[in-house]
Amino acid sequence: MPGRGAHRTATFLAMLVAVPIVAAGCGRGSDDTGESPPPATPPTAPSASPTPSKPSATPTKQGFEADIKKVTAGDLKHSWRRGCPVAPSGLRMIEMTYWGMDDKPHTDGQLVVNAKAAGDLVKVFRKLYAMRYPIERMEPVDKYKGSDFASIEANNTSAFNCRNATGSSSFSQHAFGLAVDINTCQNPYVYADGHVAHKRCVKYRNRKNDDPGVIHAGDKVVKAFASIGWGWGGTWSGARDYQHFSASGR
């Protein structure tokens, strides 16, 4: 029989074999086959179902919009007074979109007109917007304290203003809210002698000018107003009012 020394040696050798086996299983998840599986990768959280991305918003084209509102004497402090041929109750404010000289839509247009003509004028300006006819600005003459001269200097498109016709003691069609002046610099009032009262607008006396906003005989702007029966001041004999459209043609 082997002695105690041989027994101790056998025990020691068994321990040396056992230690590596235990170490080999640390963190590897060995199975019963005795073969070591490939290294495990750290567990990851299950990915959530991807949220469908919303399509990026595309800018909507600004369509023409118009709203017809009543006005009061308080809205017309500088352009209306007692004795005018139409009362504030017979006028309306059209708030509408117009196409600007900057080639962009503007939603702050305001035009004070006769109540009976408001619907027809919305149709006209809808056509002007569709054809991208450019307008510098559209503000009531009250923004200029009722001054027709100041409104023209600003190249403003306007309508109602209780005043006399140029060079006359009679009321203008503007006093009835039945006339509209459009882009007053590009389309100036030209006196019979060729004089233009606004210096920076003198070059537009030449009606061959084709700058944006210039109105020409028979063009789409003239036809748009003609569709509601309004005449153009550019056809007058003597003095010509290229900015002016009115229900009476005067």
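Presented here is an overview of the structure given in this document. Keep in mind that what you see is a predicted model, and the values were worked out from it rather than measured. Each chain carries its own residue numbering, running from 1 in the direction its sequence is written. Reporting of local features is limited, given that this is a predicted model, to residues whose pLDDT is at least 70; pairs of side-chain atoms are given and counted only at 80 or more, and all residues count toward the totals for whole chains, interfaces and linings. Side-chain measures here rest on the full set of heavy atoms in the structure, leaving out hydrogens and waters.

## As for the overall build of the protein chain
What the protein chain contains, in helices and strands, is 4 helices and 10 strands. Each helix (α) and strand (β) of the protein chain, taken in turn from the N terminus, gives the series α-β-β-β-α-β-α-β-β-β-α-β-β-β. Evaluated residue by residue, the protein chain yields a buried proportion of 39% over its 250 residues. Only heavy atoms matter for contacts: two residues are in contact if any of them lie within 4.5 Å across the pair. Restricting the contact set of the protein chain to residue pairs at least 6 apart, pairs at least 24 apart contribute 56%. Only the protein chains shown count as cover for residues, with accessible areas throughout obtained via the Shrake-Rupley method and a probe of 1.4 Å. Carbon and sulfur atoms form 55% of the exposed surface of the protein chain, whose accessible area is close to 15200 Å². Counting from the N terminus, the helices are the DSSP runs of H or I reaching at least four residues and the strands are the DSSP runs of E reaching at least two. We call a residue buried when its accessible area falls under 20% of the maximum for its residue type, exposed when it is over 50%, and partly exposed in between, using a 1.4 Å probe and counting protein chains only.

## Looking at the pattern of salt bridges
Counted as salt bridges are all cases of a side-chain nitrogen of Lys or Arg within 4 Å of a carboxyl oxygen of Asp or Glu. Counted according to the given criterion, the structure contains 2 salt bridges. With a closest N to O distance of 3.0 Å, K69 and E95 form a salt bridge. Note that K69 is positioned in strand 1 (residues 66-70) and E95 in strand 2 (residues 91-99), a separation of 26 residues in sequence. A relative accessible area of 27% places E95 in the partly exposed class. Its salt-bridge partner being R163, residue D148 comes within 3.6 Å of it at the nearest N-O pair. Of this pair, D148 sits in helix 3 (residues 148-153) while R163 sits in the loop between strand 5 (156-157) and strand 6 (179-181), and the two are 15 residues apart along the sequence. Judged by relative accessible area, which is 21%, D148 ranks as partly exposed.

## A short note on the nonpolar core
Within the largest apolar cluster, 37 residues are counted, with the highest numbers of intra-cluster contacts made by L121, F125, L128, V180, I182, F225 and F245. Mapped onto this core, the elements with two or more residues apiece are strand 2, strand 3 (105-114), helix 2 (118-130) and helix 4 (220-226). Of the residues forming this core, the biggest block, 7 residues, is contributed by helix 2. Once residues lying within four places of it in the same chain are set aside, the contact partners of F125 are F64, M96, L111, I135, M138, V180, I182 and F225. In these notes, a set of buried Ala, Val, Leu, Ile, Met, Phe, Trp, Tyr and Cys residues joined through side-chain atoms within 4.5 Å is what counts as a nonpolar core. Judged by nonpolar contacts, the second largest core, of 11 residues, contains V71, L76, V86 and M93.

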